Amino acid sequence: MSGLHLKWHFTRRELWAFLKSNWRALLLLLIGVLAPLLLFLELAEDVFRDGGFPWDSSILEWYRTHRTPQLTAAANTLAVLGGFAVLPLVTALIAFLLARTGAKAHGWFLIMALSGAALLNAVAKLLFQRARPDILEALVREPGFSFPSGHAMSNAAFGFALILVFWRSRAGWPVAVVAGLWAVAVGASRNYLGVHYPSDVLAGFFASAAWVAGLYLLMSRRWPGLRKSPKGERDTR
């Protein structure tokens, strides 16, 4: 068994110990993120049933009037790269590279951030069951429910987690700018394609931010090194 495999196996045992000792806190965090969304559902149930907020329709109409072949191609590319076939692979690759440099906690944090956001999104969609915008106006067909946006939620979790992973490093600001723009671009592309209301995207952003921030606080207690640069003390600002 190679040294790398032994190291990765040890990391998995550490993560399992963390999950066993913190599962209640993680469950409360998941419920805590869902609770505001459920309150929002109670307040906006009639609005959802009637097709969304007035600004939902206005923004979607603005996107429809500004569609071009070039923008449509870009939006479709973002849908693929930020989708469930590519994003998990990219996340796993980055996590693996972080683990190889010794930043195993950073790698697991990135994986758990994306996994938790995906789980939250699946539960929220089942609870809300909001229909998607008018399929006749959409450029692509998407299965499932609309609220909150899975693409927006996953990519916001990915981007925010990357920002926290590299924030204390010298690459902190460049990573923050690129990751932030990426999350916003993917979210906007969902509105452009007509498969989500703007409120779906905004809810996905806020829910992911709350989940990732809470997860970071929990994991950094177990692994204080998570608050430092993945490259160690010499690269930590």
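Residues numbered from 1 in each chain as written. Predicted model: local features only at pLDDT ≥ 70, side-chain atom pairs only at ≥ 80, totals over all residues. Heavy atoms only, no water.

A. Representation of the overall build of the protein in the model. Along the protein, the regular secondary structure elements total eight helices and zero strands. In sequence order, the secondary structure elements of the protein are arranged as α-α-α-α-α-α-α-α. Here the analysis covers contacts within the protein between residues at least 6 apart in sequence; of these, 78% occur between residues at least 24 apart. For the protein, the computed accessible surface area is about 12,400 Å², with 69% contributed by carbon and sulfur atoms. (Helix = DSSP H or I, 4+ residues; strand = E, 2+ residues; numbered from the N terminus. Contact = heavy atoms within 4.5 Å. Areas by Shrake-Rupley, 256 points an atom, 1.4 Å probe, with all protein chains shown as cover.)

B. Here's a closer look at the nonpolar core. In this structure, Phe-109, Val-212, Leu-215 and Met-219 are the most contacted members of the largest nonpolar core, which totals 31 residues. At the level of elements, α4 (87–100), α5 (104–128), α6 (150–166), α7 (172–192) and α8 (198–222) are the ones that each hand at least two residues to this core. The leading source of residues in this core is α5, at nine residues. Discounting chain neighbours no more than four positions away, the residues touching Phe-109 are Ala-161, Leu-164, Val-165, Val-212, Leu-215, Tyr-216, Met-219 and Leu-226. Grouped together as the second largest cluster of nonpolar side chains are seven residues, Tyr-63, Ala-79, Tyr-192 and Leu-193 included. (Core = buried A, V, L, I, M, F, W, Y, C linked by side-chain atoms within 4.5 Å. Buried < 20%, exposed > 50% of the residue type's maximum accessible area, 1.4 Å probe, protein only.)

C. Representation of α7 within the structure. An ideal rise of 1.5 Å per residue puts 30 Å on 21 residues; α7 measures up with 30 Å between its terminal C-alpha atoms. Burial in α7 covers these residues: Gly-172, Val-175, Ala-176, Ala-179, Ala-183, Val-186, Gly-187, Ser-189, Arg-190, Asn-191 and Tyr-192. Packing partners of the buried residues in α7 comprise α2 (54–65), α3 (69–81), α6 and α8. (Expected span 1.5 Å × (residues − 1).)

D. How the structure looks around the packing of α2 against α8. Viewed as axis vectors pointing N to C, α2 and α8 meet at an angle of 105°, and their least axial separation amounts to 8 Å. One finds that α2 runs roughly perpendicular with respect to α8. In contact with Trp-55, Asp-56, Ile-59 and Leu-60 of α2, α8 contributes Pro-198, Ser-199 and Leu-202. Here the contact of α2 with α8 is built from residues that sort into five nonpolar, one polar and one charged. (Axes fitted to C-alpha atoms, helices over the stretch in contact; angles between N-to-C directions. Parallel < 35°, antiparallel > 145°, perpendicular 65-115°, else oblique. Nonpolar A, V, L, I, M, F, W, Y, C, P; charged D, E, K, R; others polar.)

E. Spotlight on unusual backbone geometry. Pro-148 follows Phe-147 through a cis peptide bond whose omega is -10°. If you trace the backbone, Pro-148 turns up in the loop between α5 and α6.

F. Structural context of the packing of aromatic side chains. Enumeration according to the criterion identifies four aromatic pairs in this entry. Taken together, a centroid distance of 5.0 Å and an interplanar angle of 65° make the contact between Trp-167 and Trp-173 edge-to-face. Ring pairs connect the aromatic residues Trp-62, Tyr-63 and Tyr-192, which therefore count as one cluster. A cation over a ring is seen here: Arg-67 above Tyr-192, with NZ or CZ 5.9 Å from the ring centre. (Phe/Tyr/Trp six-rings, centres within 6.5 Å; stacked < 30°, edge-to-face > 60°. Lys NZ or Arg CZ within 6 Å of the ring centre and 35° of its normal.)

G. Spatial organisation of the side chain of Thr-91. Mapped onto the elements of the fold, Thr-91 is located in helix α4. Overall, the relative accessible area of 2% leaves Thr-91 in the buried class. Among all residues touching Thr-91, those that are not within four sequence positions of it are Leu-110, Ile-111, Leu-114 and Phe-158.

H. The side chain of Ser-199, seen in detail. Mapped onto the elements of the fold, Ser-199 is located in helix α8. Within the local environment of Ser-199, its side chain forms a polar contact with the side chain of Arg-130, the two groups lying 2.9 Å apart. Look past the residues within four positions of Ser-199 in its chain and what remains in contact with it is Phe-53, Trp-55, Asp-56, Arg-130 and Phe-147. (Polar contact = N/O pair within 3.5 Å; in protein donor to acceptor, adjacent residues only side chain to side chain.)

I. Seen up close, α6. With 17 residues, α6 extends 24 Å from end C-alpha to end C-alpha; this agrees with the ideal 24 Å at 1.5 Å per step. Where α6 begins, one side-chain oxygen reaches toward the backbone nitrogen of Ala-152, 3.1 Å away; that side chain belongs to Ser-149.

J. Layout of the confidence of the model for the protein. When pLDDT is averaged across the protein, the result is 81; 75% of the residues are at 70 or more. Scored below 50 in pLDDT, residues 1–10 makes nine contacts in the model with residues more than four places away or belonging to other chains. (pLDDT = per-residue confidence, 0-100.)

K. Representation of the packing of α4 against α5. Two numbers describe how α4 lies on α5: the axes approach to 7 Å, and their chain directions differ by 165°. Taken together, the axes of α4 and α5 are roughly antiparallel relative to one another. Crossing of α4 over α5 shows left-handed handedness. Where α4 approaches α5, its residues Leu-87, Pro-88, Thr-91, Ile-94, Ala-95, Leu-98 and Ala-99 are matched on the opposing element by Lys-104, His-106, Gly-107, Leu-110, Ile-111 and Leu-114. Split by residue class, the contact of α4 with α5 holds nine nonpolar, three polar and one charged. (Left-handed = near helix turned anticlockwise from the far one by under 90°.)

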